[in-house]
Number of protein chains: 2
Amino acid sequence: MKARVHVMLKTGVLDPQGEAVRHALGTLGFEGVQGVRQGKVIELDLAETDPAAAEASVKEMCEKLLANTVIESYSVELV
Amino acid sequence: MKARVHVMLKTGVLDPQGEAVRHALGTLGFEGVQGVRQGKVIELDLAETDPAAAEASVKEMCEKLLANTVIESYSVELV
């Protein structure tokens, strides 16, 4: 089973990387880019075949390792 | 208009970061994690209102800056 995790900074948390990308896009001549937020996407190949168990363990992985839950939010999607 | 870009390493390209995450998950006691691939997700707030024009310019941003098209593939999604 495959799971996909999106980890993004929580709204309100400054995203220096996103700002850097926005600035660089402007330098390259791309106009109208009002905001950029950058996060992580993590694809996991799991031996688990039960969707509920897979989702529960991926959420636990997020809480323990994949996301810094103080400043980041995550979403889990089984693919 | 909002666009979301996923940038992932192409299949076959070694993903050291994914390997490190897989190893760390194993150390934390998570079994059955057969593979991990990590990429970027970039959310763009665009002033452009025409979907076709927005998609075209985001693809150009990917080609020029957001993705290293030698080793990475990208997908663009208007949200």
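Residues numbered from 1 in each chain as written. Chains lettered and ligands numbered in written order. Predicted model: local features only at pLDDT ≥ 70, side-chain atom pairs only at ≥ 80, totals over all residues. Heavy atoms only, no water.

Our working rule: UniProt positions are given in the numbering used here, feature names are shortened, and annotations may be inferred rather than shown by experiment.
The name given to chain A in an unreviewed UniProt entry is Phosphoribosylformylglycinamidine synthase subunit PurS, with the source organism recorded as Pseudoruegeria aquimaris. The UniProt entry for chain A carries the following comment under Catalytic activity (unreviewed entry): "N(2)-formyl-N(1)-(5-phospho-beta-D-ribosyl)glycinamide + L-glutamine + ATP + H2O = 2-formamido-N(1)-(5-O-phospho-beta-D-ribosyl)acetamidine + L-glutamate + ADP + phosphate + H(+)". Note on chain A: under the UniProt heading Subcellular location (unreviewed entry), the record states "Cytoplasm".

### A short note on the interface of chain A and chain B
For clarity, the cut-off: Whether two residues are in contact is decided by their heavy atoms: any pair within 4.5 Å suffices. Here the quantity called buried area is the total loss of accessible area, with a 1.4 Å probe, experienced by two parts when brought into contact, counted for both. Whenever Lys or Arg places a side-chain nitrogen within 4 Å of a carboxyl oxygen from Asp or Glu, that contact is recorded as a salt bridge. Pairs of N or O atoms within 3.5 Å make up the polar contacts considered here, provided that, within protein, one atom can donate a hydrogen while the other can accept it, and that residues adjacent in sequence are counted only when both atoms are side-chain atoms. Helix and strand definitions follow DSSP, with helices as H or I runs of at least four residues and strands as E runs of at least two, each counted in order from the N terminus. Basically, the charged four are Asp, Glu, Lys and Arg, the nonpolar ten are Ala, Val, Leu, Ile, Met, Phe, Trp, Tyr, Cys and Pro, and anything else, Gly included, counts as polar.
With 29 residues of chain A in contact, the opposing surface of chain B contributes 29 residues. Carbon and sulfur atoms make up 68% of the surface buried where chain A meets chain B, a total of about 2500 Å² over both sides. Where chain A touches chain B, the interface holds 0 salt bridges. Across the contact surface, chain A and chain B share 11 residue pairs in polar contact (both at pLDDT 80 or more). Counting only elements with at least two residues in the side of chain A that touches chain B, the list comes to strand E1 (2-9), helix H1 (16-27), strand E2 (33-46) and helix H2 (51-66) of chain A. Looking at side-chain class alone, the side of chain A that touches chain B contains 16 nonpolar, 7 polar and 6 charged residues.

### Brief notes about the pairing of strand E1 (residues 2-9) of chain B
All names here are of chain B. Note the threshold: Partly exposed describes any residue whose relative accessible area lies between the buried limit of under 20% and the exposed limit of over 50%, with all areas from a 1.4 Å probe on protein chains only and scaled to the type maximum. Only strands that DSSP links by at least two bridges are regarded as paired with each other.
A large share of E1 lies buried, amounting to 6 of its 8 residues. Direction of pairing for E1 relative to strand E2 (residues 33-46): antiparallel, over a ladder of 6 bridges. In the strand pairing of E2, arginine 4 is matched with glutamate 43. Taken together, the 7 bridges between E1 and strand E3 (residues 72-78) define a ladder with antiparallel strand orientation. What sits directly across from arginine 4, in E3, is glutamate 77.

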